[in-house]
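An overview of the molecular structure
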Amino acid sequence: MRIARFSIDGNVAFGAVEGTVESGGLVLDIIKGIPYTDFELSGTKVPLSKVRLLPPVLPNKIVAIGRNYAEHAEELGNEVPEVPVAFFKPTTSVIGPGDAIEYPSFSSELHHEAELAVVIGRMCREVPRERVKDVIFGYTCANDVTARDVQKREAQWARAKGFDTSCPLGPWVETDLDPSDLTLQATVNGEQRQLGRTSDMIRSIEDLVVHITEAMTLLPGDVILTGTPAGVGPLTVGDEVAVTIEGIGTLTNRVIKRG
């Protein structure tokens, strides 16, 4: 099931995305309540074209993993780390499909990073490997937008990867998906920049959930970014960047000048 978060007439709700473009358009069946527990569909349906899609979740935290694809580590001149490299992106970095990425004034080298995002569905800590699937709500597309020049000159990545609008998520969460071998790609102005498969991850989603929850509690709606394949590259003001993941959909954002 595809679960979207949207606004219509000033109201915010979750809905199940139904239909296909080919069949005449997508519609949203509005969900009663929130989707992390057992929920009911209201039967009230609105065309997707009549709503504004929002970030599909409002996470308490975003835990991101760096250098989880060997070719990406190599392209930036880094070794594959012995343990997962984890960092945080703040909630204020999250934007949704169609929202603008604001080019930060303190950077002159902005890069796209297409990633599979894991959405947590229940509060969990110290999750054993065999229970990882039980705590996952679903998956969505993410773009770990990075001020690469700032990342290179500052020991901590908080500013380089945590600035406002640096975490596009969307367009919705797919709850019924095997994430082990999916194609993911990034295009800029229609030109392919990144192309990889989730099967090329150094550490699997199970590895990452176990590693992260050894240290901290994850809450419903929290997001794990699983790393990016090779091919990261520059974004400039006016560019349209799109992240597409097999079985989920496409997340598109345009880059604008901040202010």
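This text goes with the structure placed above it.
Treat the numbers as computed from the prediction; the structure is a model and nothing was measured. (Residues numbered from 1 in each chain as written. Predicted model: local features only at pLDDT ≥ 70, side-chain atom pairs only at ≥ 80, totals over all residues. Heavy atoms only, no water.)

**Focus: unusual backbone geometry**
- Omega for the peptide link from Gly170 to Pro171 comes to 0°, which places this bond in the cis form.
- Of note, Pro171 is situated in strand E14 (residues 167-174).
- Phi is positive for Arg67, which is not a glycine, with a value near 55°.
- The topology assignment puts Arg67 in the loop between strand E6 (62-66) and helix H1 (70-75).
- For Arg67, a relative accessible area of 24% puts it in the partly exposed group.
- Backbone geometry at Thr165 places phi at a positive 75°, although glycine is not the residue there.
- Within the element layout of this structure, Thr165 appears in the loop between helix H4 (158-162) and E14.
- Look at Thr165 and you get buried, because its relative accessible area is 8%. (Helix = DSSP H or I, 4+ residues; strand = E, 2+ residues; numbered from the N terminus. Buried < 20%, exposed > 50% of the residue type's maximum accessible area, 1.4 Å probe, protein only.)

**A look at the sheet that holds strand E10 (residues 110-112)**
- Strands sit in the order E13-E10-E18 across an open sheet of three strands; the sheet is antiparallel. Edge positions in the open sheet fall to strand E13 (146-147) and strand E18 (233-235), since each of these has one partner strand only. (Pairing = 2+ DSSP bridges.)

**A closer look at helix H5 (residues 205-213)**
- Burial in H5 covers these residues: Ile205, Leu208, Val209, Val210, Ile212 and Thr213.
- Taken together, the buried residues of H5 touch E6, strand E11 (114-120), helix H2 (132-135), strand E12 (136-143) and strand E17 (223-225). (Contact = heavy atoms within 4.5 Å.)

**Focus: the environment of Val255**
- Structurally, Val255 is set in strand E20 (residues 249-257).
- Residue Val255 is classed as buried on the basis of its relative accessible area, which comes to 2%.
- Put simply, Val255 and Asp99 are 156 residues apart on the chain and 9.0 Å apart in space, counted from C-alpha to C-alpha.
- Val255 has contacts with Ile101, Tyr103, Leu110, Leu235, Thr236, Val237, Gly238 and Asp239, leaving out every residue within four places of it along the chain.

**A look at the nonpolar core**
- If you look at the biggest cluster of nonpolar residues, it comprises 39 residues, and the most contacted ones within it are Leu28, Trp172 and Ile245.
- Of all the secondary-structure elements, those providing two or more residues to this core are strand E1 (2-8), E6, E11, H2, E12, strand E15 (183-188), H5 and strand E19 (240-245).
- Take this core: its biggest share by element is five residues, from H5.
- Leaving out residues up to four positions away in the same chain, Trp172 has contacts with Arg2, Ile3, Ala4, Val17, Leu26, Leu48, Leu53, Pro56, Tyr139, Thr140 and Ile248.
- Counting residues in each nonpolar core, the second largest holds 20 residues, with Ile31, Val119, Val223 and Leu225 among its members. (Core = buried A, V, L, I, M, F, W, Y, C linked by side-chain atoms within 4.5 Å.)

**Things to note about the sheet that holds E20**
- Here we have five strands laid out as an open sheet, ordered E9-E20-E19-E15-E16, and mixed in their pairing. Each edge of the open sheet is held by one strand with a lone partner, namely strand E9 (100-103) and strand E16 (191-197). Looking at each pair of strands side by side, their axes are set apart by 20° on average, direction ignored.
- Both E19 and E20 contribute to a ladder of six bridges, which runs antiparallel. When the sheet's bridge partners are listed, Ile245 is paired in E20 with Gly249. (Axes fitted to C-alpha atoms, helices over the stretch in contact; angles between N-to-C directions.)

**Some points on the environment of Ser166**
- Considering the arrangement of structural elements, one finds Ser166 in the loop between H4 and E14.
- The exposure class of Ser166 is buried, given its relative accessible area of 0%.
- Sequence-wise, Ser166 and Thr91 are 75 residues apart; in three dimensions their C-alpha atoms are separated by 10.0 Å.
- Once residues lying within four places of it in the same chain are set aside, the contact partners of Ser166 are Lys89, Ser93, Asn143, Asp144, Val145 and Lys161.
- For Ser166, the side chain forms a polar contact with the main-chain oxygen of Lys161, separated by 3.0 Å. (Polar contact = N/O pair within 3.5 Å; in protein donor to acceptor, adjacent residues only side chain to side chain.)

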